[in-house]
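The chain contents come next:
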Amino acid sequence: AAADGLGSIAIDTTQLNMSVTDPTAWATAMNNLGMVPVGLAGQQLVTDSICVPGFDPSLSMMTGITPINPMIPGMGLVPPPPPTDVPVVKEIIHCKSCTLFPPNPNLPPPSTRERPPGCKTVFVGGLPENATEEIIQEVFEQCGDITAIRKSKKNFCHIRFAEEFMVDKAIYLSGYRMRLGSSTDKKDSGRLHVDFAQARDDFYEWECKQRMLAREERHRRKMEEDRLRPPSPPAIMHYSEHEAALLAEKLKDDSKFSEAITVLLTWIERGEVNRRSANQFYSMVQSANSHVRRLMNEKAAHEQEMEQAKESFKNALTGILTQFEQIVAVFNASTRQKAWDHFSKAQRKNIDIWRKHSEELRNAHSEQLMGIRREEEMEMSDDDSGDNPSKKLRADDSALAAQAYALKEENDSLRWQLDAYRNEVELLKQEKGQLFRTEESLTKDQQLQFLQQTMQGMQQQLLSIQEELNNKKSELEQAKEEQTHTQAMLKVLQEQLKSAKELAEINGHDESQANEINVLTVALVNQDREKNSEKRSPGLKSEKEALLIGIISTFLHVHPFGANIEYLWSYMQQLDSRISANEIEMLLMRLPRMFKQEFTGVGATLEKRWKFCAFEGIKTI
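What you see is a predicted model, and the numbers here were worked out from it, not measured in a lab.

A. Molecular detail of the overall build of the protein chain. Scanning the protein chain from N- to C-terminus turns up 19 helices and 10 strands. Burial status across the protein chain gives 28% buried among its 621 residues. A separation threshold of at least 6 residues defines the contact pool for the protein chain, and within that pool the share at least 24 residues apart is 65%.

Structure, rendered in structure tokens:
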């Protein structure tokens, strides 16, 4: 039935032979079925969403509105899923040939077996004896498209649906009492029991789907491995006298030496050296040996640069340490009694935090500087171990001086730490004697911070909305200008066409020439439209966007069923960790001819998927 069976549940009020809201009629009907009356308070037992009088299922085809699935929670037969702590209240379901009465809400829910993987088939037991396959189709096609019904002679059947989520809707009908028409005969009533069924076709389709996903994963991993595999080295040419002469020239060039020495090594390992080519190889080996002195000079120059860099780093570190000591001295002076009493409590707390942080950084830098000096002393001792006694004495004196300086710095750092601990003890005493802030003030501060954060978020949202509004206005203005331009062009072309027809009639031209004029005018209009569409379509802003579009197109092309934005973002983040999901989605929305968005699933399983549709656009052109 159209619109997932919504048209089949359209009920005319004349089909109801009793008042649904009448408690007496309801109690009589329930007693005839042997059920305890439930819900006799006079409330409306059938909602307006189920009884849709005069609904036309072909209305969606005329208006272009997407048909609504009546089994979606909150839109038709199935009510919205209630919270876990609230019991499910089922309602009466009216069909053309039968009526489904809900079970007693005080009874436990019907038991079901464990759901098989990829289950699309349900077992329906407890059918009335007089139930036909058409009545069963009428009841269960409201849950979704039915592909097959296998009915047995023993009041049960198996129903296979097109999708897996339709099985959950069919399970919802388990426990309902089914009555055919208004008959009270036992053969025309029965309590339905709907359960999962294990079918070989469902399991085979599920296995095929799993194998397809596994193939996609293997393909993706192979593509990733191929992308990360380092490029193979270039092929080594074969030995010849001409290639040897060129290689000898490359060996003399410093910029091409590394490439040439690799080729020379390969030729020697291949066994290209013989009596005829020995002299040529000897000259090439001699050229390679001439680079030893150059390499030693480069090493000495780099070592000298490293020593200069170490010296400049040590001097800079000494200057930084001096400035840290000055900053710590400022903090220590601020914590003395003369200046400390004039600061507020919050200012004291900030000053104390800054002082501790500065002391930690100063101590770390001083330890680093002392480590550098120790390394220099060890290098000097290693260099001077084989020199004369006078150099040893001078090295010992310099080592003693360095040790004395290190001890002095360590003494100063300990003294500064002692002063810091004293200041902390004084602060703790003052805070212990001046605790006047209550829990109410703390909660007020927290609330104030929370309100400030919410205000900032609302301001950011307002700015983004204003930007979008400005963009939409500019696009609307451009569209209006293009529309006026096209209308003016059409008027001009119509006037030209009229004048050309008049001239053709006057000159006695035949109808073929007039048709040629019409074809030319249509071609001009189409060309103008194409130009306007090219102007309207926004171009790519950067090379990065072009690269992203290429990668996303390849990724979605190997995913024919599409991929959600989180999956696509997780893949793109492996290539560029700074990219965001919002940026990818905005890029996809800017190119509607290449990427389209589809919704899959129902209710809680509703999911947005992006698909690659550029090839479809090429086929339609």
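B. Main features of the packing of aromatic side chains. Per the counting criterion, the structure on display carries 9 aromatic pairs. Measuring from ring centre to ring centre gives 5.2 Å for Tyr-239 and Trp-267, while their planes differ by 85 degrees; the resulting arrangement is edge-to-face. One end of the pair, Tyr-239, is in the loop between α6 (200-228) and α7 (241-252); the other, Trp-267, is in helix α8 (residues 257-270), and 28 residues separate them in sequence. By the burial criterion, Tyr-239 is buried, and Trp-267 matches it.

C. Fine view of the nonpolar core. If you look at the biggest cluster of nonpolar residues, it comprises 30 residues, and the most contacted ones within it are Val-124, Phe-140, Ile-159, Phe-161, Leu-173 and Met-178. Of all the secondary structure elements, the ones that give two or more residues to this core are β2 (98-101), β3 (121-125), α4 (133-140), β4 (146-151), β5 (156-161), α5 (165-172), β6 (177-180) and β8 (193-196). In terms of residues, this core owes the most to one element, α5, which gives 5 residues. Those residues in contact with Phe-161, other than ones at most four positions away along the chain, are Lys-120, Val-122, Phe-140, Cys-143, Gly-144, Asp-145, Ile-146, Thr-147, Met-166, Val-167 and Ala-170. If you look at the next biggest cluster of nonpolar residues, it comprises 19 residues, including Ile-552, Leu-587, Leu-588 and Phe-595.

D. Here's a closer look at the pattern of salt bridges. Following the criterion strictly, the structure yields 23 salt bridges and no others. Between Glu-217 and Arg-221 there is a salt bridge whose closest N-O contact spans 3.3 Å. Remark: Arg-221 and Glu-217 occur in helix α6; sequence separation between them is 4 residues, near one turn of the helix. Taking relative accessible area as the criterion, Arg-221 reaches 51% and is therefore assigned exposed. Here Asp-226 and Arg-229 are joined by a salt bridge, their closest N and O atoms 2.9 Å apart. Assessed through its relative accessible area of 35%, Asp-226 is described here as partly exposed.

E. Local environment of the sheet that holds β2. Spatial strand order, β1-β2-β6-β7: 4 strands in an open sheet with antiparallel pairing. Whereas interior strands pair on both sides, the edge strands pair on one side only; in this sheet they are β1 (93-94) and β7 (189-191).

F. The arrangement of unusual backbone geometry in detail. We note that Asn-155 has phi near 65 degrees; this positive angle belongs to a residue other than glycine. One can find Asn-155 in the loop between β4 and β5.

G. Structural view of the pairing of β3. Most of β3 is tucked away: 4 of the 5 residues are buried. Judged from the 5 bridges that link them, β3 and β5 form a sheet pairing that is antiparallel. Paired with Thr-121 across the bridge in β5 is Arg-160. Looking at chain direction, β3 and β8 are connected through 4 bridges and run antiparallel. Within the sheet, the bridge partner assigned to Gly-125 lies in β8 and is His-193.

H. A look at α7. A rise of 1.5 Å per residue sets the reference length of α7, with its 12 residues, at 16 Å; its end C-alpha atoms lie 17 Å apart and thus fit the reference within 8%. Turning to α7, its buried residues number three or more, namely Ala-244, Leu-247, Ala-248 and Leu-251. One face of α7 carries all of its buried residues, which in axial projection span an arc of 105 degrees. Facing away from the buried side of α7, by more than 90 degrees, are the exposed residues His-242 and Glu-249. On the buried face of α7, the contacting elements are α8, α9 (278-289) and α10 (291-334).

I. Spatial organisation of the state of the cysteines. Here the structure, examined in full by the defined rule, presents 0 disulfides. In this structure Cys-98 is a free cysteine whose sulfur lies 4.5 Å from that of Cys-95, the closest cysteine sulfur available. For Cys-98, a relative accessible area of 1% corresponds to the buried category. Just so you know, Cys-143 is unpaired, no disulfide at all, and the nearest cysteine sulfur is the one on Cys-95, 9.8 Å from it.

J. Molecular detail of the sheet that holds β3. What the 4 strands build is an open sheet, ordered β4-β5-β3-β8; its pairing is antiparallel. Here the strands that pair on one side only, and so sit at the sheet edges, are β4 and β8. Between one strand axis and the next, the sheet turns by 20 degrees as a mean value, whatever way the strands run. Along the sheet, α4 makes contact with β3, β4, β5 and β8, crossing β4 at roughly 140 degrees.

K. Geometry of the packing of α6 against helix α17 (residues 565-575). Viewed as axis vectors pointing N to C, α6 and α17 meet at an angle of 15 degrees, and their least axial separation amounts to 13 Å. As the angle between them shows, α6 and α17 are arranged roughly parallel. The two elements α6 and α17 meet at a crossing, and its hand is right-handed. Here Arg-220, Glu-224 and Arg-227 of α6 come into contact with α17, specifically with Tyr-567, Tyr-571, Gln-574 and Leu-575. Broken down by class, the residue content of the contact of α6 with α17 amounts to 3 nonpolar, 1 polar and 3 charged.

Conventions used here
Residues numbered from 1 in each chain as written. Predicted model: local features only at pLDDT ≥ 70, side-chain atom pairs only at ≥ 80, totals over all residues. Heavy atoms only, no water. Helix = DSSP H or I, 4+ residues; strand = E, 2+ residues; numbered from the N terminus. Buried < 20%, exposed > 50% of the residue type's maximum accessible area, 1.4 Å probe, protein only. Contact = heavy atoms within 4.5 Å. Phe/Tyr/Trp six-rings, centres within 6.5 Å; stacked < 30°, edge-to-face > 60°. Core = buried A, V, L, I, M, F, W, Y, C linked by side-chain atoms within 4.5 Å. Salt bridge = Lys/Arg side-chain N within 4 Å of Asp/Glu carboxyl O. Pairing = 2+ DSSP bridges. Expected span 1.5 Å × (residues − 1). Arc of directions from axis to C-beta. Disulfide = S-S within 2.5 Å. Axes fitted to C-alpha atoms, helices over the stretch in contact; angles between N-to-C directions. Parallel < 35°, antiparallel > 145°, perpendicular 65-115°, else oblique. Left-handed = near helix turned anticlockwise from the far one by under 90°. Nonpolar A, V, L, I, M, F, W, Y, C, P; charged D, E, K, R; others polar.

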